[in-house]
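# Chain and residue survey
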Amino acid sequence: MSQSQTARPTKAPHHKRPDYERVVITGMGAITPVGNDLDTIWTNLASGTSGITALPEFAGFDMSEFRSRIVGLIKDFDAKEFLNPKEIRRFDEFMHYAQVASAQALFHAGLIDDIKGDSLPVNVDSERFGVVMGSGIGGLNTIENGRDVIRQSGAKKVSPFIIPGSIVNMPAGLIAIRHNLKGANLATATACTTSTHAIGLGARLIAYGDLDAVLVGGSEKASTPLGMAGFGAMHALSTRNDEPTKASRPFDKDRDGFVLGDGAGAMVLESLAHAKARGATILAEVVGFGMSDDASHITAPPTDGNGARRAMANALMDGGISPSDVGYINAHGTSTPAGDVAESCAIESLFGKNILVSSTKSMTGHLLGSAGVVEAIFTVLALQNQLLPPTINLDNPDPACTLDYIPHTARVVQNVNYAISNSFGFGGTNGSLVFGRWQD
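Here the structure is a predicted model, which is why all the values come from computation and not from measurement.

How each quantity is defined
- Residues numbered from 1 in each chain as written.
- Predicted model: local features only at pLDDT ≥ 70, side-chain atom pairs only at ≥ 80, totals over all residues.
- Heavy atoms only, no water.
- Helix = DSSP H or I, 4+ residues; strand = E, 2+ residues; numbered from the N terminus.
- Rg over C-alpha atoms; globule rule 2.2 N^0.38 Å.
- Buried < 20%, exposed > 50% of the residue type's maximum accessible area, 1.4 Å probe, protein only.
- Axes fitted to C-alpha atoms, helices over the stretch in contact; angles between N-to-C directions.
- Parallel < 35°, antiparallel > 145°, perpendicular 65-115°, else oblique.
- Contact = heavy atoms within 4.5 Å.
- Nonpolar A, V, L, I, M, F, W, Y, C, P; charged D, E, K, R; others polar.
- Pairing = 2+ DSSP bridges.
- Phe/Tyr/Trp six-rings, centres within 6.5 Å; stacked < 30°, edge-to-face > 60°.
- Lys NZ or Arg CZ within 6 Å of the ring centre and 35° of its normal.
- Salt bridge = Lys/Arg side-chain N within 4 Å of Asp/Glu carboxyl O.
- Left-handed = near helix turned anticlockwise from the far one by under 90°.
- pLDDT = per-residue confidence, 0-100.
- Polar contact = N/O pair within 3.5 Å; in protein donor to acceptor, adjacent residues only side chain to side chain.

Before going further, it helps to spend a moment on the overall build of the protein. Within the protein, the secondary structure is distributed over twelve helices and 15 strands. Against the 2.2 N^0.38 benchmark of 22 Å for 440 residues, the protein shows a C-alpha radius of gyration of 20 Å, consistent with a compact globule. When its C-alpha atoms are laid out on the principal axes, the protein stretches across 65 × 50 × 40 Å. In the protein, which comprises 440 residues, the proportion classed as buried is 61%.

This is how it looks when you write it as structure tokens:
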């Protein structure tokens, strides 16, 4: 680790609307390219270990035709350890990830006794417990395979589960059924901002008093032939195929696009009163949530990052804190030429040059609809450990990106009490979350 850095002291939470319920995080779970449990994930993040590898061949496809052949794959994950064979067969892989990450989060929160089994009801009032779980794309592999069945065997051979097995809202439905969650059941689908919006929406359901607890998150499995070919056709993906671990290089002048990643993440949010009443361990607080829209282009942000800036400013306003209170930002930082510059401009215009920033996508790749929640989990772990994960592969900083991006090596800090996690998606949809370090 580099020499300890003392950040600006930050004040205690001051909420603009004290009549609203405070929202805390009591459980987290994730399936990611850098690990499938919190301990492994944090060890790899703190050491700057990449989870990006060469893509295995797609059966029946000439791999040389794919511009990008690298991906942040999930490793050492066997759905059979957690789900029954019928579920595995009927539902797309992104739903498998979502169910397991959610069970991890509920177990971490002390709300279920195991993460394996067909029925794992939570041990609190299920009618006051909801789900907001999204996906940017959904069951792309199931849809592709269904079209192949029609071409090869005819329409009558298509599975009756192709629709429920691929639609974006089904992870929330499966999770609610498995855990007997009878509150709101919602799905977000806002591209790469999907699960950031899920967290924000879930937090507001609690803050407004509609629910006591919400399981929030997102899941994605887009490393399919159509997913890789589609993003490749946009020239959005890195083509550094011979150096997978060096391909995702946010804020570096030699970056050439993002690396697609798979995975899922989930958080248990509760009202502070509910968490304290049941004796839960509180991990962090959801202090603020902000949204905005670029309204400028289907894929490219405005060059000055105005939309990103407004999302962050709205999150600060929601939490009743100032830019000087924030000690760290987990950037959207996709490793695209335009996106990294726009976000850097937005951050600098709001926080100045001294803010500490890193992009964990340098290690995981871009998990699309699950990126927001996975990176929110990383941000909470950073606050808990007072250790900020690095941006790896930042060998030659882009002159247009002038902030401290914590290159190569994790940064030990002191008194970082507030951190932001950013997500920005196709269509100009933006979301930012402010998390507060929990100190009793």
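Attention now goes to the packing of helix 1 (residues 38–47) against helix 12 (residues 371–385). At a closest axis distance of 11 Å, the pairing of helix 1 and helix 12 adopts a crossing angle of 75°. Taken together, the axes of helix 1 and helix 12 lie roughly perpendicular to each other. Seen from helix 1, the contacting residues are Leu38, Ile41, Trp42 and Leu45; seen from helix 12, they are Ile377, Phe378, Leu381, Ala382 and Asn385. Residues that form the contact of helix 1 with helix 12 fall into these classes: eight nonpolar, one polar and no charged.

Our next topic: the sheet that holds strand 5 (residues 129–134). Spatially, the ten strands line up as an open sheet ordered 6-5-7-8-2-9-15-14-10-11, and their pairing is mixed. Each edge of the sheet is formed by a strand with only one pairing partner; in this case those strands are strand 6 (185–186) and strand 11 (356–358). In this sheet, strand 9 (residues 284–293) lies alongside strand 2 (residues 23–31) in antiparallel orientation, the contact comprising three bridges. From the neighbouring strand, Val23 faces strand 9, where its bridge partner is Val286.

Scanning the model with the defined rule gives ten aromatic pairs in all. Ring geometry for Phe77 versus Tyr97: centroids 5.3 Å apart, planes at 75°, classification edge-to-face. Residue Phe77 is located in the loop between strand 4 (70–71) and helix 2 (85–90), and its partner Tyr97 is located in helix 3 (residues 93–108); the two are separated by 20 residues in the primary sequence. Judged on exposure class, the residue Phe77 and its partner Tyr97 are both buried. Every member of this aromatic cluster is reached through a ring pair, and the members are Phe58, Phe61 and Phe66. Here the basic side chain of Lys116 rests over the ring of Phe82, its NZ or CZ set 5.9 Å away from the ring centre.

Turning our attention to the pattern of salt bridges. Under the criterion given, the structure shown has 16 salt bridges. Here Arg204 ties to Asp318 by a salt bridge, and the two come within 3.8 Å at their closest N and O atoms. Here Arg204 is found in helix 6 (residues 194–207), whereas its partner Asp318 is found in helix 9 (residues 306–319), with 114 residues between them in sequence. With a closest N to O distance of 3.0 Å, Arg255 and Asp398 form a salt bridge. You can see Arg255 sitting in the loop between helix 7 (225–233) and strand 8 (263–271) and its partner Asp398 sitting in the loop between strand 12 (387–388) and strand 13 (411–414), a full 143 residues away along the chain. Of the two residues examined, Arg255 and Asp398, each falls in the buried class. Connected via shared salt-bridge partners are Arg240, Glu243 and Lys246.

The buried fraction of helix 5 (residues 170–179) is high, at nine of ten residues. Inspection of helix 5 places Met170, Pro171, Ala172, Gly173, Leu174, Ile175, Ala176, Arg178 and His179 among the buried residues, and these make up the whole buried set. Elements that come into contact with the buried residues of helix 5 comprise helix 3, strand 5, strand 6 and strand 7 (213–220). Following helix 5 by one or two positions, Asn180 adopts a phi angle in the positive range, close to 60°.

The next subject is the packing of helix 9 against helix 10 (residues 337–351). In contact at an axis separation of 8 Å, helix 9 and helix 10 are set at 40° when each is read in the N-to-C sense. Comparing the axis directions of helix 9 and helix 10 gives the class oblique. Here helix 9 runs over helix 10; the crossing is right-handed. Here Ala308, Arg309, Met312, Ala313 and Leu316 of helix 9 lie close against helix 10, whose contacting residues are Ala346, Ile347, Ser349, Leu350 and Phe351. Considering only residue class, the contact of helix 9 with helix 10 consists of eight nonpolar, one polar and one charged.

Phi is mostly negative for residues that are not glycine, and the peptide bonds are mostly trans. Positive phi, normally seen in glycine, also occurs at Asn393, with a value near 70°. Its location among the elements puts Asn393 in the loop between strand 12 and strand 13. Phi at Ile406 is positive, roughly 50°, even though this residue is not glycine. Summarising the element assignment, Ile406 is placed in the loop between strand 12 and strand 13. In this structure Ile406 comes out as buried when scored by relative accessible area, which is 0%.

Of the residues in the protein, 96% reach a pLDDT of 70 or more, and the chain-wide mean stands at 95. Here residues 1–16 is a poorly scored stretch, pLDDT under 50, and it has 45 contacts once near neighbours within four places are set aside; other chains count.

A few words now on the pairing of strand 15 (residues 429–437). Of all nine residues in strand 15, eight are buried, a share of seventy percent or more. Note: strand 14 (residues 418–425) against strand 15, eight bridges, orientation antiparallel. Within strand 15, the residue paired with Ala419 across the bridge is Phe435. Counting the residues in the hairpin turn of strand 14 and strand 15 gives three residues, including Gly427, whose phi is positive at 90°.

Attention now moves to the side chain of Ser219. Position of Ser219 relative to the elements: it lies in strand 7. A distance of 2.4 Å separates the side chain of Ser219 from the backbone oxygen of Phe94, its partner in a polar contact.

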